[in-house]
Amino acid sequence: MLYAARPEGWAFGIGLAYHLVQLMTPVALKWLLVGRYPKGERYLWTFWMWRIELVYEVELMEMSMYSGMLQGTPMLPWWYRAMGAKIEGQGTSRIRVQG
């Protein structure tokens, strides 16, 4: 019998897919709503600012759940790079998440 055919295998696969989708939701929102942050000044009560706030709140919610698990792993710099940060080298030893 295949491992994936057992209920435990399906539960693991569904759980893994759920967490990956949950981690990638802020990344997708950031690139769909905001894109790359442009240089310059922006007014506070504009549509651009509301998009930034939405992405920030979703990111804050996700990182409050996953920051402890990702800290010190290679996954955290990958996540920050996906969000648009420029991190040199491996970067795992110096990244600390407050929370």
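The text that follows walks through the structure, step by step, so that each part is easy to find. (Residues numbered from 1 in each chain as written. Predicted model: local features only at pLDDT ≥ 70, side-chain atom pairs only at ≥ 80, totals over all residues. Heavy atoms only, no water.)

**Observations concerning helix α2 (residues 47-70)**
The end-to-end C-alpha separation of α2 is 32 Å, in line with the 34 Å expected for 24 residues at 1.5 Å each. A bend of about 45° at S64 is the largest found in α2. Among all positions in α2, only W48, I52, V55, V58, E62, M63, Y66, S67 and L70 are buried. Once α2 ends, the next one or two residues include G72, with phi positive near 85°. (Helix = DSSP H or I, 4+ residues; strand = E, 2+ residues; numbered from the N terminus. Expected span 1.5 Å × (residues − 1). Bend = angle between axes of the 7 residues up to and from the residue. Buried < 20%, exposed > 50% of the residue type's maximum accessible area, 1.4 Å probe, protein only.)

**What about the packing of aromatic side chains?**
If you walk through the whole model with that rule in mind, you get two aromatic pairs. With a centroid separation of 5.7 Å and 40° between ring planes, the pair formed by W45 and W50 is classed as tilted. The exposure classification of W45 matches that of W50, with both residues exposed. With 5.6 Å between their ring centres and 65° between their planes, W79 and Y80 make a pair best called edge-to-face. W79 gets classed as buried once you look at its relative accessible area, which sits at 3%. (Phe/Tyr/Trp six-rings, centres within 6.5 Å; stacked < 30°, edge-to-face > 60°.)

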